[in-house]
Amino acid sequence: MAVGSRATRLLPRYLSLGGRIGLTVFALAPVVGLLWLSLMPSLQIINGGLAPRRLSWSNYVNAWTQVNMAAGIAHTLIIAGTGAAVCVLCSVGIAYVISRLWKRRTGLLMGGLFAAQTAPGTVLLLPLFILFVSFQAVLHITILGTYGAIIVTYVSFGLPLSVWLMWMYMESVPEALEEAARVDGASRLVALWYVILPLMIPGMIVTGVLVFIGEWNDVLFASVLTNQNTRTVAIALQQFLETQGGFTQPEYGPLMAGAVIAAVPVVLLYLLFQRHLVRGLSLGAVKG
Amino acid sequence: MAHSLSRQVDVRRGWRRDRPWYLALPGGVMVLFLVGLPLLGTLYFSLFTVTPETLGNIANMPFAGITNYSNALTQPAQVGTTFAGSLLVSLKFAGLTSLIVVPLGIFAAMTVSERSKCQGIWRSIYLIPYIIPGVVTGLFGRFFFTTQTGLIDELLKALGISSGSTLWLLGPNSFWAMLGLEVWSTWGFIYLLVLAGLQSIDDSLIEAAVLDGCGYLGRWRAVVWPSIRRLVLLAVALSTLFHFNNFTLPYILFDGVPPSQSYVLATNIYLTSFQGFNTGLGCAEGVLMMVIELVPIFVYLKMAGVTTEKRTDGSR
């Protein structure tokens, strides 16, 4: 229920309006700056100057090939897409067990899931790396740089948040519905598939989108677990920046354009699912 | 549908025999191997001298006991700063960011909580900084803040505010540049959570407050704050820990090695392990970092009151 009319205002009008304008400027100024930079010729970015001498739309064309955005986006779509899907599916299973079969010490579990979400990646990255390296040596297979390694890693690290959200959503599905299915002779699995899951689809989409975006943005794990064949968008950008640093005439124009390209899919996704995301977060946070 | 007698008995017994625990297996196994094992691994390796040479022969790594830990706490800085130094930087960074970001997010949520014509547009705009990937933020930050040729110095020069050659990415200003970017990038999270909370406030509560003669401050104290208090607590906890752990921003903004004033703990551990090649030390610092983070986690859980969930159908 949105807080609405005259009698229920939270801020005086001038503050509300002034705030909106101020925050909009604050929010959009750097974005405008980024777009501005992306249309500047590389030379000008290096040598300075406020206004672009000419609009370099070619930056956007070059970004696809020079900065490897095409490959980067393809890889990231595969990695983040598979990762998010598998993560949501696995967490449905775990959430079902917690919600319908376990039902004990939920407080402890909530605390554990919360703490798990805050685990610093830098700390876990190293032993993970060592783990993969040793398995590679012992089993004589390649692990680092494959899709499998990074997808499985993302799934594991996405599970705390994902399970938390799926658990919340599942709790809001009344058990009476499953009872009805049971009376009709259904097994738990059948009840899960035909009764619970259809009701969970909005929640699954919200969770999937959140996990997908988190994986799209990741730099830390991708920096270690990908190579040229599986480079994500974030690493493509970072690598380009590094290599260009050694040249006398670095191509920063396409780099900025690449940054814009990298941001667009995620921004679009969020804006599309905005209403669902707010509702989803309120379900998880307000209740819990 | 005709049920046989035995079928009816089964239905009455219910699902007691039907407990598909294996549903939790795929996820559980993955977490165990890829999160649990590394966690133990960090603890394990922190007790050994782990360098590229010793890594080749894991079975015979020299045992170091608590040497790595004492080194972390006492060793003078070789690259960048000491453990204690970067811990301080991280604490300052996380603390200040949260201090600024929380009131900002609450205020932002309050500016759009009323129903207005273009509500959707404002709300979408507010989310944009939060949505933009950290890589992108770090990247444009680098080019905004470059001395003399960066957009910010150029702007300051054009406006006549400064000579246009301020050092933003080196020296003490680097901390504030990083802080500013982090604030810009993350206030949207607080805003989102608080907005969700505001939307669940019953209009009648506010109307009642207004009828009782409450001004805006009164409404805040009587209705708004009590309703969002728990959410704000959650947001502060998650947000502070996120800033503390943030690796991406310093990594991209400073192209690897930050100046000492911005050398956060996350970067320190990463560089110690992957560029300083002292993995054992890196692991020890990591363990210390996690132990330190347990403190705010426990505090939050205590304050939030971790209780048993109330089920929607009334059962426990």
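Residues numbered from 1 in each chain as written. Chains lettered and ligands numbered in written order. Predicted model: local features only at pLDDT ≥ 70, side-chain atom pairs only at ≥ 80, totals over all residues. Heavy atoms only, no water.

Residues and elements named next belong to chain A. At a minimum axis distance of 13 Å, the contact between helix 6 (residues 121-139) and helix 7 (residues 147-171) shows a crossing angle of 140 degrees. Judged by the inter-axis angle, helix 6 sits oblique to helix 7. Judged by the twist between their axes, the crossing of helix 6 over helix 7 is right-handed. Along the contact surface, helix 6 presents Leu 124, Leu 128 and Phe 132, while helix 7 presents Ala 149, Thr 153 and Phe 157. Here the contact of helix 6 with helix 7 is composed, by residue class, of five nonpolar, one polar and no charged. (Axes fitted to C-alpha atoms, helices over the stretch in contact; angles between N-to-C directions. Helix = DSSP H or I, 4+ residues; strand = E, 2+ residues; numbered from the N terminus. Parallel < 35°, antiparallel > 145°, perpendicular 65-115°, else oblique. Left-handed = near helix turned anticlockwise from the far one by under 90°. Contact = heavy atoms within 4.5 Å. Nonpolar A, V, L, I, M, F, W, Y, C, P; charged D, E, K, R; others polar.)

Before going further, it helps to examine the confidence of the model for chain A. Looking at chain A as a whole, its pLDDT mean stands at 83, while 94% of the residues score no less than 70. When mean pLDDT is compared element by element in chain A, helix 1 (residues 13-38) of chain A scores highest at 91, while helix 5 (residues 106-117) of chain A scores lowest at 78. (pLDDT = per-residue confidence, 0-100.)

Attention now moves to the nonpolar core. A:Phe114, A:Leu255, B:Leu139, B:Tyr191, B:Leu198 and B:Tyr270 are the most contacted members of the largest nonpolar core, which has 172 residues in total. Among the elements that take part in this core, helix 9 (residues 173-199) of chain B stands out by supplying 17 residues, more than any other. (Core = buried A, V, L, I, M, F, W, Y, C linked by side-chain atoms within 4.5 Å. Buried < 20%, exposed > 50% of the residue type's maximum accessible area, 1.4 Å probe, protein only.)

Residues and elements named next belong to chain A. With 25 residues, helix 7 should cover 36 Å at 1.5 Å per step; its first-to-last C-alpha distance of 34 Å lies within 8% of that length. The principal kink in helix 7, of about 50 degrees, is found at Leu 159, preceding the proline Pro 160 by one to four residues. With respect to burial, helix 7 is a largely interior element, 20 of its 25 residues being buried. (Expected span 1.5 Å × (residues − 1). Bend = angle between axes of the 7 residues up to and from the residue.)

Here a ring pair, both rings aromatic, is described through the centre-centre distance and the interplanar angle of the planes. Applying the stated criterion across every chain, the model contains 21 aromatic pairs over all chains. Taking the centre distance of 5.6 Å and the plane angle of 70 degrees together, the rings of B:Tyr251 and B:Tyr270 count as edge-to-face. Here B:Tyr251 is found in helix 12 (residues 248-253), whereas its partner B:Tyr270 is found in helix 13 (residues 265-274), with 19 residues between them in sequence. Here B:Tyr251 and B:Tyr270 have matching classes, each one buried. One aromatic cluster in this structure is built from A:Phe26, B:Tyr126, B:Trp187 and B:Tyr191. Against the face of B:Phe175 rests B:Lys92, its NZ or CZ located 4.6 Å from the ring centre. Its end group placed over the ring of B:Tyr216, B:Arg219 keeps NZ or CZ at 4.5 Å from the ring centre. (Phe/Tyr/Trp six-rings, centres within 6.5 Å; stacked < 30°, edge-to-face > 60°. Lys NZ or Arg CZ within 6 Å of the ring centre and 35° of its normal.)

Moving on: the interface of chain B and chain A. At the junction of the two partners, chain B supplies 115 residues and chain A supplies 116 residues. Here chain B packs against chain A, burying approximately 10400 Å² in sum over the two surfaces, 74% of which is carbon and sulfur. At the junction of chain B and chain A, the tally comes to zero salt bridges. Scanning the region where chain B abuts chain A turns up eight residue pairs in polar contact (both at pLDDT 80 or more). No other element matches helix 2 (residues 25-45) of chain B, which puts 14 residues into the side of chain B that touches chain A. Among the residues forming the side of chain B that touches chain A, the class breakdown is 73 nonpolar, 23 polar and 19 charged. (Buried area = accessible area lost by both parts, 1.4 Å probe. Salt bridge = Lys/Arg side-chain N within 4 Å of Asp/Glu carboxyl O. Polar contact = N/O pair within 3.5 Å; in protein donor to acceptor, adjacent residues only side chain to side chain.)

Moving on, we get to the pattern of salt bridges. All names here are of chain A. Taken as a whole and judged by the stated rule, the model has three salt bridges over all chains. For Arg 100, the salt bridge identified is with Glu 178, shortest N-O distance 2.8 Å. One end of the pair, Arg 100, is in helix 4 (residues 69-102); the other, Glu 178, is in helix 8 (residues 175-183), with 78 residues separating them in the sequence. Per residue, the accessibility class of Arg 100 equals that of Glu 178, and both read buried. Its salt-bridge partner being Arg 182, residue Glu 179 comes within 2.9 Å of it at the nearest N-O pair. Here the residue Glu 179 and the residue Arg 182 both occupy positions in helix 8, the gap between them amounting to three residues, near one helical turn. A relative accessible area of 36% places Glu 179 in the partly exposed class.

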